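# Descriptive analysis of the structure
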Amino acid sequence: MICEGFAYIKDKNLANEKVRYKCIHANAKTSCKGYIWLQNNSLLLQLNGNILGNEHNHIVEPDHIEAKKRMKDFKENLKVQQHTDVGILVANSRDCETAVANVMPNTSNMKRMGRRAKRKVRNCFDILFVLIFMM
Ligand SMILES: [Zn+2]
């Protein structure tokens, strides 16, 4: 699981549907103490809105950062390039180093995201049209 550029694996189930995830570098060699907690699949946050967890003793995963950036661009392109085929946008986004593409959602998931995003925009236009029509 990726969260803010760090990669985690499930560590243990706790009470009240809480699950602890540990950093993938939490082994004997690197001994990172990075942890996060999820409850009912949501991240537990501190009162200030920061993610509740321990500090890492290393920088974020560069491949994940790049993947995250490409996903952000992909979502932006879905909005801007309404008439471009979703498959083409997905292919463009995944046209990068394999290591980066590997940590992005897979092609079919991205296509599904794309179709959902397009539908949402179309619905907004319909509502706008109705509103104008009613005025
Ligand atoms: Zn870590």
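Residues numbered from 1 in each chain as written. Predicted model: local features only at pLDDT ≥ 70, side-chain atom pairs only at ≥ 80, totals over all residues.

### Some words on the sheet that holds strand S2 (residues 6-13)
- Spatial strand order, S1-S2-S3-S4-S5: five strands in an open sheet with antiparallel pairing. Both edges of this open sheet fall to strand S1 (2-3) and strand S5 (42-43), since each of them pairs with a single strand only.
- In this sheet, S2 lies alongside S1 in antiparallel orientation, the contact comprising two bridges. If you follow Cys3 over to S2, its bridge partner there is Phe6. (Pairing = 2+ DSSP bridges. Helix = DSSP H or I, 4+ residues; strand = E, 2+ residues; numbered from the N terminus.)

### Structural notes on unusual backbone geometry
- Even without glycine at this site, Asn16 takes up a positive phi of about 55°.
- Here Asn16 is to be found in the loop between S2 and strand S3 (18-23).
- Overall, the presence of 6 C-beta atoms within 10 Å leaves Asn16 in the exposed class.
- Positive phi values are uncommon outside glycine, yet Asn41 reaches one of about 65°. (Buried ≥ 20, exposed ≤ 12 C-beta atoms within 10 Å, placed from the backbone.)

### Quick look at the environment of Ser108
- Take Ser108: it is sitting in helix H4 (residues 107-134).
- Given 9 C-beta atoms within a 10 Å radius, Ser108 is considered exposed.
- Sequence separation between Ser108 and Val60 is 48 residues, and the spatial gap between their C-alpha atoms is 27 Å.

### Quick notes on the nonpolar core
- Formed by Phe74, Leu78, Val86, Leu89, Val90 and Met110, the largest nonpolar core amounts to six residues.
- Of all the secondary-structure elements, those providing two or more residues to this core are helix H1 (62-80) and helix H2 (86-93).
- For this core, the element with the highest residue contribution is H2, accounting for three residues.
- Each residue touching Val90, except ones within four places of it in the same chain, is listed here: Thr107, Met110, Lys111 and Gly114.
- By size, the runner-up hydrophobic cluster in this structure holds five residues, among which are Phe6, Tyr8, Tyr21 and Cys23. (Core = buried A, V, L, I, M, F, W, Y, C linked by C-beta atoms within 7 Å. Contact = placed C-beta atoms within 7 Å.)

### Considering H2
- For H2, the full list of buried residues reads Val86, Leu89, Val90 and Ser93. Each buried residue of H2 sits inside an arc of 100° when the element is viewed along its axis, so together they form one side. Those residues of H2 that are exposed and aimed more than 90 degrees away from the buried face are Gly87 and Ile88. (Arc of directions from axis to C-beta.)

### Thoughts on the pairing of S3
- As judged from the five bridges shared by S2 and S3, these two strands associate in the antiparallel manner. Paired with Lys10 across the two strands is Tyr21, which belongs to S3.
- Connecting S2 to the next strand, S3, in antiparallel fashion are four residues, including Asn16 with a positive phi near 55°.
- Direction of pairing for S3 relative to strand S4 (residues 35-39): antiparallel, over a ladder of five bridges. Note on S4: the bridge partner recorded for Val19 is Leu38.

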